[in-house]
Amino acid sequence: MAKPAQGAKYRGSIHDFPDFDPSQDAEALYTAMKGFGSDKEAILELITSRSNRQRQEVCQSYKSLYGKDLIADLKYELTGKFERLIVGLMRPLAYCDAKEIKDAISGIGTDEKCLIEILASRTNEQIHQLVAAYKDAYERDLEADIIGDTSGHFQKMLVVLLQGTREEDDVVSEDLVQQDVQDLYEAGELKWGTDEAQFIYILGNRSKQHLRLVFDEYLRTTGKPIEASIRGELSGDFEKLMLAVVKCIRSTSEYFAERLFKAMKGLGTRDNTLIRIMVTRSELDMLDIREIFRTKYEKSLYSMIKHDTSGEYKKALLKLCGGDDDAAGQFFPEAAQVAYQMWELSAVARTELKGTVRPANDFNPDADSKALRKAMKGIGTDEDTIIDIITHRSNAQRQQIRQNFKSHFGRDLMADLKSELSGDLARLILGLMMPPAHYDAKQLKKAMEGAGTDEKALIEILATRTNAEIRAINEAYKEDYHKSLEDALSSDTSGHFRRILISLATGNREEGGEDRDRAREDAQVAAEILEVADTPSGDKTSLETRFMTILCTRSYPHLRRVFQEFIKMTNYDVEHTIKKEMSGDVRDAFVAIVQSVKNKPLFFADKLYKSMKGAGTDEKTLTRIMVSRSEIDLLNIRREFVEKYDMSLHQAIEGDTSGDFLKALLAVCGGED
């Protein structure tokens, strides 16, 4: 079994089996495979209950007792994913890695993701053992094989990682940290082109402790996380490798939690990735991976495996997982630390928001008006021309086109478009033609009219708009519907939910920075109302009002500090605590505010993903977000989408919509990532 560092706590899920007898185990396995068929239950129960060291002893005893190779017999008796998993468990870790890399570079094509995962995440010692195991198993030089199968900067970084010479000194020089930050900045952001060699040298050789300080200082100095610079300056497999290295420097366990989630989400399971990680991390950091998994994805690793796999394969994976964290009902210190770091990153980053729709160069409203009139005149409609013009003009330019259309033809462009288009395309094009505040006002009106209320739309709009946007929406609502937005919300909602929406609809959120003393007081209120405070005090009704006031009126920078103080005070993350302790629309509204404070583009990326996943598409949500964010932060949303879901927003739209609606959405999306 892999031993933790001296003084460190063992974080694997598989332990040495007590009263271990390798000869007895060898006999049990021989019996399970003897005769017609095999006792798969007995095989998986025994092998997943022994540590890797013990399994090697069983292999040796099996050969001594029966003169046969246990792995060969297991391969013969078992099939498919279950066989791959069990055989993987029987190999020493270094030989398991060697086999994975050999498979990744054999045959036609290369599995770059496998190479990246293994070489970016292993320690110096594990790399040295891997190189030796590869030589022993295949009588080949691993570095030579990697060079023969890869190229460019991707190849160079892999070779650097293969040396296993990352510095391991915990003593960090502040001067060197500053120098590395400057070198990385000059090699990327400040340079025409990119000096990849600097990125390779620094990220491939410096110690983890040193690089964590470099990343923190880089963020403070440039206002950008190092990941954003890597995405902007590098590309292809080299970019993916460098991002994996950064993730593993920050937290190897979080990197694997993310890899496991991506292996199981969506249609189909990436079983090779799932097997490789469950086998290789079961005696290293599976408990940490489980904790972080639950924090990031609001479900346990155990439950996701349970719902995504089947048969003996599922049973064996669940044994390696080692337990269901949903059953525990508590937050973990390791996960709290990760949550704190997320808030720290959110607090310091100065992200430049960018839309995908920009003003057209050489804009000619007269020519556009004539082209649109021609596209709608006579029999049939030229949808391609309408889509091309409207999706490639800014909203301000569209308003000029509307005015010019009326001046030139004495006709209302909106009315003509409504008459000529239909369905989802009509909703999208007409939405793009409306001034943003009037569009939001209309979406709020539609959410409240008729039978039932679309609470999700109300929350999405009111929880994410700036003060200026909210004030403009109020004016537009009054102008268009001759009723105040507050009156409309009052008559259509009730209770705490109504109070939250009305508070948000006033547009009175503070706009200053953080106040640390006040943040600690606010965090205490949050802890008491969410029932995680050590010493609860005060009237509950009064606390509820104060909690609502905090979330609805404090500035974003201040709330980020409140949420950090909350973690320090309680060891819980505020978002997950709200989800656990609250319910219904009040919970959804508070969660939306917290997510918007943490990372607004990610909030919208999640909403877009949910609008398209599963059976059927929520076209209303999809259209609303694409229209309302197209000139604000849709480019940022695209980046968050591809980072979290391992597919581009462009791909998701392409796979979930069709016809002219698809064409228009892709034009607004603005590109493939």
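- Within an unreviewed UniProt entry, the label attached to the protein chain reads Annexin, and the organism entered is Microcebus murinus.
- Under the UniProt heading Sequence similarities (unreviewed entry), the note attached to the protein chain is "Belongs to the annexin family."
- Under the heading Function (unreviewed entry), UniProt records this for the protein chain: "May associate with CD21. May regulate the release of Ca(2+) from intracellular stores."

### Focus on the environment of aspartate 424
Here is step 1: Summarising the element assignment, aspartate 424 is placed in helix α26 (residues 423–433).
Here is step 2: A residue is classified by how much of its surface remains accessible, and aspartate 424, at 22% relative accessible area, is partly exposed.
Here is step 3: Between the alpha carbons of aspartate 424 and threonine 391 there is a distance of 15 Å; along the sequence they are 33 residues apart.
Here is step 4: What aspartate 424 contacts, discounting residues up to four positions off in sequence, is Glu619 and Phe661.

### Observations concerning the nonpolar core
Looking at soluble globular proteins, one finds that nonpolar side chains tend to be buried together.
Here is step 1: With 102 residues, the main nonpolar core has Leu417, Phe547 and Met626 as its most contacted residues.
Here is step 2: Per-element accounting of this core gives the leading share, 13 residues, to helix α36 (residues 584–612).
Here is step 3: Among all residues touching leucine 417, those that are not within four sequence positions of it are Met376, Ile386, Ile390, Ile429, Leu430 and Met433.

### So, the packing of aromatic side chains
Here is step 1: A complete count under the given rule lists 16 aromatic pairs for this structure.
Here is step 2: Plain terms: the ring middles of phenylalanine 547 and phenylalanine 590 are 5.2 Å apart, the flat faces sit at 70 degrees to each other, and that makes the pair edge-to-face. Placement of phenylalanine 547 in helix α33 (residues 540–553) and of phenylalanine 590 in helix α36 is noted, with a sequence separation of 43 residues between them.
Here is step 3: Its relative accessible area of 4% is what places phenylalanine 590 among the buried residues.
Here is step 4: Ring pairs connect the aromatic residues Tyr30, Tyr62 and Tyr66, which therefore count as one cluster.
Here is step 5: A cation over a ring is seen here: arginine 50 above phenylalanine 17, with NZ or CZ 3.7 Å from the ring centre.
Here is step 6: Positioned above the aromatic ring of phenylalanine 409 is the side chain of arginine 373, whose terminal nitrogen or guanidinium carbon lies 6.0 Å from the ring centre.

### Some details on helix α13 (residues 208–222)
Here is step 1: If you check α13, its first and last C-alpha atoms are 21 Å apart, about what 15 residues at 1.5 Å a residue would give, namely 21 Å.
Here is step 2: One or two positions beyond α13, positive phi appears at glycine 223, with a value near 80 degrees.

### Here we look at the environment of leucine 353
Here is step 1: Among the structural elements, leucine 353 can be located in the loop between α21 (333–348) and α22 (365–376).
Here is step 2: In contact with leucine 353, other than residues within four places in its own chain, are Pro601, Ile632, Asp633 and Asn636.

### Here we look at the confidence of the model for the protein chain
Here is step 1: Per-residue pLDDT for the protein chain has a mean of 91; in total, 93% of the residues score no lower than 70.
Here is step 2: A low-confidence stretch, residues 1–7 (pLDDT under 50), is modelled with 12 contacts involving residues beyond four sequence positions or located in other chains.

### Concerning a positive patch on the surface
Here is step 1: Together, Lys299, Lys456, Lys610 and Lys613 make up a region of like positive charge exposed at the surface.
Here is step 2: Inspection of the secondary structure assignment puts lysine 299 in the loop between α17 (286–297) and α18 (301–308).

### Description of the pattern of salt bridges
Where charged atoms of side chains with opposite charge meet at close range, the side chains can pair.
Here is step 1: Evaluation of the coordinates by the stated rule reveals 50 salt bridges.
Here is step 2: In this structure, glutamate 258 engages lysine 262 in a salt bridge whose closest nitrogen and oxygen atoms are separated by 3.4 Å. Taken together, the residues span about one helical turn, with glutamate 258 and lysine 262 both in helix α15 (residues 236–264) at a distance of 4 residues.
Here is step 3: Judged by relative accessible area, glutamate 258 falls into the buried class, the value being 12%.
Here is step 4: A residue is classified by how much of its surface remains accessible, and lysine 262, at 11% relative accessible area, is buried.
Here is step 5: The network of salt bridges with common partners includes Arg231, Lys247, Glu254, Glu258, Lys262, Lys296 and Glu643.

### Quick word on helix α40 (residues 659–669)
Here is step 1: Across the 11 residues that make up α40, a large majority, 8, are buried.
Here is step 2: Buried positions along α40 lie against α23 (383–391), α26, α37 (619–629), α38 (634–645) and α39 (649–656).
Here is step 3: Looking at the residues trailing α40, positive phi occurs at glycine 670, about 85 degrees.

### Digging into the environment of arginine 499
Here is step 1: As for its position among the elements, arginine 499 is in helix α31 (residues 495–505).
Here is step 2: In this structure arginine 499 touches Thr545 and Met548, once residues within four positions along its chain are discounted.
Here is step 3: Reaching out from arginine 499, the side chain makes a polar contact with the side chain of histidine 496 at a distance of 3.1 Å.

### Here's the deal with the packing of helix α5 (residues 80–90) against helix α16 (residues 271–281)
Here is step 1: For the pair α5 and α16, the least separation of the axes is 10 Å and the interaxial angle reads 25 degrees. As summarised for this structure, α5 and α16 are arranged roughly parallel, according to the angle between their axes. In this structure, α5 meets α16 at a crossing whose hand is right-handed. Seen from α5, the contacting residues are Lys81, Arg84, Leu85, Gly88 and Leu89; seen from α16, they are Asp271, Asn272, Ile275 and Val279.

### Observations concerning unusual backbone geometry
Here is step 1: In this structure, aspartate 19 is a non-glycine residue whose phi angle is positive, near 55 degrees.
Here is step 2: Examined against the element boundaries, aspartate 19 turns out to sit in the segment before α1 (22–33).
Here is step 3: Residue aspartate 19 is classed as exposed on the basis of its relative accessible area of 80%.

Rules and cut-offs
- Residues numbered from 1 in each chain as written.
- Predicted model: local features only at pLDDT ≥ 70, side-chain atom pairs only at ≥ 80, totals over all residues.
- Heavy atoms only, no water.
- UniProt positions renumbered as here; feature names shortened; annotations may be inferred.
- Helix = DSSP H or I, 4+ residues; strand = E, 2+ residues; numbered from the N terminus.
- Buried < 20%, exposed > 50% of the residue type's maximum accessible area, 1.4 Å probe, protein only.
- Contact = heavy atoms within 4.5 Å.
- Core = buried A, V, L, I, M, F, W, Y, C linked by side-chain atoms within 4.5 Å.
- Phe/Tyr/Trp six-rings, centres within 6.5 Å; stacked < 30°, edge-to-face > 60°.
- Lys NZ or Arg CZ within 6 Å of the ring centre and 35° of its normal.
- Expected span 1.5 Å × (residues − 1).
- pLDDT = per-residue confidence, 0-100.
- Patch = residues over 30% accessible without salt bridge, like charges linked within 9 Å, V, L, I, M, F, W, Y side chains within 5 Å.
- Areas by Shrake-Rupley, 256 points an atom, 1.4 Å probe, with all protein chains shown as cover.
- Salt bridge = Lys/Arg side-chain N within 4 Å of Asp/Glu carboxyl O.
- Lys, Arg positive; Asp, Glu negative; His and termini not counted.
- Charge placed at Lys NZ, Arg CZ, Asp CG, Glu CD.
- Polar contact = N/O pair within 3.5 Å; in protein donor to acceptor, adjacent residues only side chain to side chain.
- Axes fitted to C-alpha atoms, helices over the stretch in contact; angles between N-to-C directions.
- Parallel < 35°, antiparallel > 145°, perpendicular 65-115°, else oblique.
- Left-handed = near helix turned anticlockwise from the far one by under 90°.

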